[in-house]
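Observations on chain architecture
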Amino acid sequence: MHIIECSAGSAALHPDLHRKTLMHPLPRSLCASVVLALGALAFTAPPLAAADETDSPATTQATQPVDATQPADTQSAAAPATQGAVVKTTVMSSSAREELEKVKDAYQKLTALKMAGTFTLDLDVDGQKQKHAVSFTSEFQPPNKFRHQAQDDVIIGSTGEKLFAYGRMSNSYATADAPKDRVVVKDLPQPMSRLLDGQNPAMCAALSKDPQAYLCEGITRADRVDDVKVGDQNCTALRLITNSGDSVDLLIDPTTHLLRRVSMDMTRMLEAKKASDVRTARYTIDYTEVKRDADAAPAADAFAWTPPAGAREAAALTDALSAGGAPGGEATALEQKPAPDFSLETIDGTKVSLADLKGSVIVLDFWATWCGPCRASMPHVNKIYEDNKAKGLKAFAVNIREEKDDVEAFIKENKLTIPVLLDKDGKTASAYEAQGIPETVVIGKDGIIRNVFVGAGPDSPEKLRAAVDQAMK
């Protein structure tokens, strides 16, 4: 389960994504915004939970002997080879193994599954607070039909014959042949498997040939810990430790043995990166509604797929699910061309047009409050504006298709001073080919576009600052 394994440079809480991926426009995924909000950071291990000491030892299935220093009820077992190329030893308490077997059995016996929930990033680090939640819905019918939809974002699924993917930001879709049976999740086409892994591990468990193997992929230790109350229900709690030392809690419905919540604490990772005051640092996937079998019987057209009107067909799933394709794409083709004219209003109703700014270096930062990478990059753009406004720089945060009150609240909450323009119908964003956001455009004094930066990465602020400095010479 790679949602719980985040390495330096990952963009979706998945170790296979590298630093260069951060430069791509990303779908609206908190998995992406975790890393982009904090910088490309490597996780370190939170404290291990104490292993159960009352359970009887389970039979060892390891290729290596059990460490004699481990608690008596733990055992070692090699991670299933079908789930990854590297087989590592897992130390697992017998009570954790017993519960995971129940989880495996529950997902394998499903005749239908319907879920709704949220994935949430909650940060309070060094005086900076950020809390952002995205809702999702999903549906599954064995062996291979499913649909997962995140709010205002991606839709991915399978009709049983075809996989399909639609990206809202790119307004594009793609299809591919669907597997005929349950799968090893990582073998689904990318980035579909990464998105499912990061946004909906319960769906991954349902789709998996071996749900227990999926949940334990990359795990070095699994223990049962004290039950956790969610609402009126006491949920069974397991604590998993990954190869990289991350700690993830799985809360399991004791009646159905299906996932109720997946939660990762990032405190120690941030402390290792020299954050001095980490009060909250948590990424959580909460299944607020779970129906199964007869209660989740799908409608006849539940897994049918028809592209939205006006959507374009992409060459591959990767192109549909990245908000703008290759870095820059059509947007960077605007470089060295005259900047498209615009006339937009500020939050207080003042009209601003490109003609009003003639003779100045201009920065346009296209963004939205729901976009994790945008939220992460905005303070850097704001700082560049503050450092250069006395020298004549004109900079604007161009919000795309959101309500004024929501935009104003975000600006105030984050104490941003950069002027905001409201692109209510998205026409200015379209003129600047802002299919993937954040997109930051630097316009020279002569009205020619000097640079277009799409996406956000660790070196984005430095690149933008250098471009502004060069344009202002």
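Our subject is the structure that appears above.
One structure accompanies this document, and this report is about it. Computed from a predicted structure; not experimentally measured.

Next up on the list: the overall build of the protein. The helix and strand inventory of the protein stands at twelve helices and 21 strands. Looking at the protein as a whole, 56% of its 473 residues are labelled buried.

Further remarks concern the pattern of salt bridges. Within the structure shown, the criterion is met by 19 salt bridges. Residues Asp-105 and Lys-109 are paired through a salt bridge, measuring 3.3 Å at the closest nitrogen-oxygen approach. On the basis of relative accessible area, Lys-109 is assigned to the exposed category, the value being 59%. Across the salt bridge formed by Asp-387 and Lys-383, the nearest N and O atoms sit 2.9 Å from each other. Separated by four residues within a single helix, Asp-387 and Lys-383 lie in helix α9 (residues 372-388), roughly one turn from each other. You can call Asp-387 partly exposed: its relative accessible area is 32%. Three or more residues joined by partner-sharing salt bridges are found here, namely Arg-260, Arg-261 and Asp-286.

Our focus in this paragraph is the nonpolar core. Core analysis: the largest hydrophobic core is formed by 61 residues, its most contacted members being Tyr-107, Leu-113, Phe-146, Leu-196 and Leu-259. Contacts of Tyr-107, omitting those with residues within four sequence positions, involve Leu-113, Arg-182, Ala-202, Ala-205, Ala-206, Pro-211, His-257, Leu-258 and Leu-259. One finds Leu-344, Ile-362, Ile-384 and Leu-464 within the second-largest nonpolar core, a separate group that totals 51 residues.

Moving on, we get to the sheet that holds strand β21 (residues 449-454). Read from one edge to the other, the open sheet built from seven strands follows the order β16-β15-β19-β18-β17-β20-β21, with strand pairing classed as mixed. With partners counted over all chains shown, the strands left at the sheet margins are β16 (351-353) and β21, one partner each. The mean angle between the axes of side-by-side strands here comes to 30°, regardless of whether they run parallel or antiparallel. In this sheet, strand β19 (residues 420-423) lies alongside strand β18 (residues 394-400) in parallel orientation, the contact comprising four bridges. Within the sheet, the bridge partner assigned to Ile-400 lies in β19 and is Asp-423.

A few words on empty space enclosed by the protein. Enumeration according to the criterion identifies six cavities of 30 Å³ or more in this entry. When its volume is computed, the largest cavity comes out at roughly 120 Å³. Considering the residues around the largest cavity, the lining is formed by Asp-365, Ser-377, His-380, Val-381, Pro-438, Thr-440, Phe-453, Gly-455, Ala-456, Ser-460, Pro-461 and Leu-464. Within the residue set of the lining of the largest cavity, elements represented by two or more residues are α9 and α12 (460-471). In terms of residue class, the lining of the largest cavity is made up of six nonpolar, five polar and one charged.

With that out of the way, let us pick up the environment of Gly-167. Topologically, Gly-167 is positioned in strand β7 (residues 162-167). Given the relative accessible area of 5%, Gly-167 is considered buried. Separated by 15 residues in sequence, Gly-167 and Asp-152 place their C-alpha atoms 9.3 Å apart.

This part takes up the packing of α9 against α12. For the pair α9 and α12, the least separation of the axes is 10 Å and the interaxial angle reads 30°. By the angle class used here, α9 and α12 are roughly parallel. Viewed along their axes, α9 and α12 form a crossing whose handedness is right-handed. Across the interface between the two elements, His-380, Val-381, Lys-383, Ile-384, Asp-387 and Asn-388 of α9 pack against Pro-461, Leu-464, Arg-465, Val-468 and Asp-469 of α12. Classifying every residue of the contact of α9 with α12 gives five nonpolar, two polar and four charged.

Turning to helix α10 (residues 404-413), a few remarks are in order. Buried within α10 are the following residues: Val-407, Phe-410 and Ile-411. Down the axis of α10, the sector holding all buried residues measures 100°, keeping them to one side. Exposed positions of α10 whose direction lies more than 90 degrees from the buried face are Asp-405, Lys-412 and Glu-413. Looking at the buried side of α10, the elements it contacts are β17 (362-367), α9, β18 and β19.

Bridge analysis of strand β15 (residues 343-346) against β16 gives three bridges, and the strand direction is antiparallel. Counted as the bridge partner of Ser-343 is Ser-353 from β16. Where β15 folds back on β16, the antiparallel hairpin that results is connected by four residues, among which Gly-349 adopts a positive phi of roughly 95°.

Rules of the game
- Residues numbered from 1 in each chain as written.
- Predicted model: local features only at pLDDT ≥ 70, side-chain atom pairs only at ≥ 80, totals over all residues.
- Heavy atoms only, no water.
- Helix = DSSP H or I, 4+ residues; strand = E, 2+ residues; numbered from the N terminus.
- Buried < 20%, exposed > 50% of the residue type's maximum accessible area, 1.4 Å probe, protein only.
- Salt bridge = Lys/Arg side-chain N within 4 Å of Asp/Glu carboxyl O.
- Core = buried A, V, L, I, M, F, W, Y, C linked by side-chain atoms within 4.5 Å.
- Contact = heavy atoms within 4.5 Å.
- Pairing = 2+ DSSP bridges.
- Axes fitted to C-alpha atoms, helices over the stretch in contact; angles between N-to-C directions.
- 1 Å grid on protein atoms, 1.4 Å probe; cavity = no way out; pocket = protein on both sides within 12 Å on 5 of 7 lines; lining within 4 Å.
- Points joined across faces, edges and corners; volume = space filled by probe spheres on them.
- Nonpolar A, V, L, I, M, F, W, Y, C, P; charged D, E, K, R; others polar.
- Parallel < 35°, antiparallel > 145°, perpendicular 65-115°, else oblique.
- Left-handed = near helix turned anticlockwise from the far one by under 90°.
- Arc of directions from axis to C-beta.

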